[in-house]
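Here is how the chains run, residue by residue.
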Amino acid sequence: MSITDALNRPLRDLRISLIDRCNCRCPYCMPSEGFHQAYQFLDKKEWLSFEEIVRLVRIFVSLGVTKLRLTGGEPLLRPDIDELIRQLSAIKGVDDLALTTNGFLLKEWAPRLKEAQLGRLTVSLDTLDEAIFRQMSGQQGSVKDVLHGICAAEHAGFDSIKINCVVQRGINDHTILDLVKYFYGTPHTVRFIEYMDVGNQNHWENAQVVASSEVISLIDAQFPLQRLQITQNRSTSETYRFKEGKGEIGFISSVTKAFCGTCSRLRLSADGKMYPCLFATHGMDLGAHLRGGATDEFLSHLIRELWIKREDHYSEIRSSVRNTSKTSPKIEMFQIGG
Ligand code: SF4
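A brief structural summary. (Residues numbered from 1 in each chain as written. Predicted model: local features only at pLDDT ≥ 70, side-chain atom pairs only at ≥ 80, totals over all residues. Heavy atoms only, no water.)

Comments concerning the overall build of the chain
In terms of regular secondary structure, the chain is built from eleven helices and twelve strands. Taken over C-alpha atoms, the radius of gyration comes to 19 Å for the chain, in line with the 20 Å a tight globule of 338 residues would show. A separation of at least 24 residues holds for 72% of the contacts in the chain among residues at least 6 apart in sequence. A total of about 14900 Å² of accessible surface is found on the chain, and carbon and sulfur atoms cover 51% of it. (Helix = DSSP H or I, 4+ residues; strand = E, 2+ residues; numbered from the N terminus. Rg over C-alpha atoms; globule rule 2.2 N^0.38 Å. Contact = heavy atoms within 4.5 Å. Areas by Shrake-Rupley, 256 points an atom, 1.4 Å probe, with all protein chains shown as cover.)

Right under this line is the structure:
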């Protein structure tokens, strides 16, 4: 039985950041000017060990969590990640185990992830245009690397991959249809994500947001779409199917169509801090209690206390918060996964 928060939302999804480092420098998440060579990332000793993560996940499952998503930074930079996936997939109550990656290392990892019983894969790919890709990745990686990774994942048996594309006006919005055409008729689902004011360093402006309604009209003009009903598995994205063809397409509209009302996600940073929202300004240091010798019972009490008091719904109040003069800095997205 799931515990519910102050807005009557059940705790069901846990996003676990395995590492705060990344081999990419997307300006909307980890701009290279802010996260340069000298930037102090967490020391390896601060990362929760696999044993600690498995122990905490068992407690989260006892409180209602059924879906796990492994994130980062870039989770495939965490050594032996397949060993952790094997252990997590064996926990009774974990019905859905997914991972989000930028795809740069997917070609080598795909077979081991599948063998370790990873259930679902989400790959970030903002455009097929190499020059724009480099602009949006902080001059890291290439479209070719990511497509090779997706190919390898298909061969490894991942038959329905989610492709996440963050749309920024004046940057990649004119390349949306290329991405649609490339994956049209495949079992993979491209999801277009409205550009969000995550963290504190991406200089977000509402003018750069391309509303999902605009993207839907653009696509519908060439590939007529039909809206599909929201189900538990599709809680963040609105999903459509192509009327004339095979395949689906999704839209994650945190700016123009907030979905906080059904948000059942809790986030855990690589060093064990819990955050109740992607735009949270404060976390709760569960890792310190765990390493301080806390019992499972006490850790469970701490998680319950945080969740039942949770009232977060940032996306519904974004404009009023942003107009408030003094707001605390938000946690950075790469520290808790998108
Ligand atoms: S803004 Fe926060 S509460 Fe709303 S959907 Fe996102 S993570 Fe959930």
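Picking up where we left off.
A look at the site of the ligand
As a structural note, the neighbourhood of the ligand is formed by 13 residues, with Cys260, Cys263, Cys277, Leu278 and Ser315 the closest of them. Broken down by secondary-structure element, the contributors of at least two residues to the shell around the ligand are strand S10 (265–268) and helix H10 (314–323). For the shell around the ligand, the class distribution of residues is seven nonpolar, two polar and four charged. (Near = heavy atom within 4 Å. Nonpolar A, V, L, I, M, F, W, Y, C, P; charged D, E, K, R; others polar.)

Focus on the side chain of Thr189
Tracing the sequence through the fold places Thr189 in strand S6 (residues 189–194). We classify Thr189 as buried; its relative accessible area is 7%. Among residues more than four places away in sequence, those in contact with Thr189 are Ile161, Lys162, Ile163, Glu248, Ile249 and Gly250. (Buried < 20%, exposed > 50% of the residue type's maximum accessible area, 1.4 Å probe, protein only.)

Comments concerning the nonpolar core
Counting 109 residues, the largest nonpolar core has Val57, Phe60, Leu88, Phe192, Ile219 and Ile249 as its most contacted members. Of the residues forming this core, the biggest block, eight residues, is contributed by helix H1 (residues 50–62). Excluding residues that lie within four positions of it along the chain, Ile219 makes contacts with Ile176, Leu177, Val180, Phe192, Leu225, Phe242, Ile249 and Phe251. (Core = buried A, V, L, I, M, F, W, Y, C linked by side-chain atoms within 4.5 Å.)

Observations concerning a negative patch on the surface
On the surface, a cluster of negative charge is made up of Asp129, Glu130, Asp145 and Asp178. Here Asp178 is to be found in helix H6 (residues 176–183). Residue classification places Asp178 among the partly exposed positions, given a relative accessible area of 38%. (Patch = residues over 30% accessible without salt bridge, like charges linked within 9 Å, V, L, I, M, F, W, Y side chains within 5 Å. Salt bridge = Lys/Arg side-chain N within 4 Å of Asp/Glu carboxyl O. Lys, Arg positive; Asp, Glu negative; His and termini not counted. Charge placed at Lys NZ, Arg CZ, Asp CG, Glu CD.)

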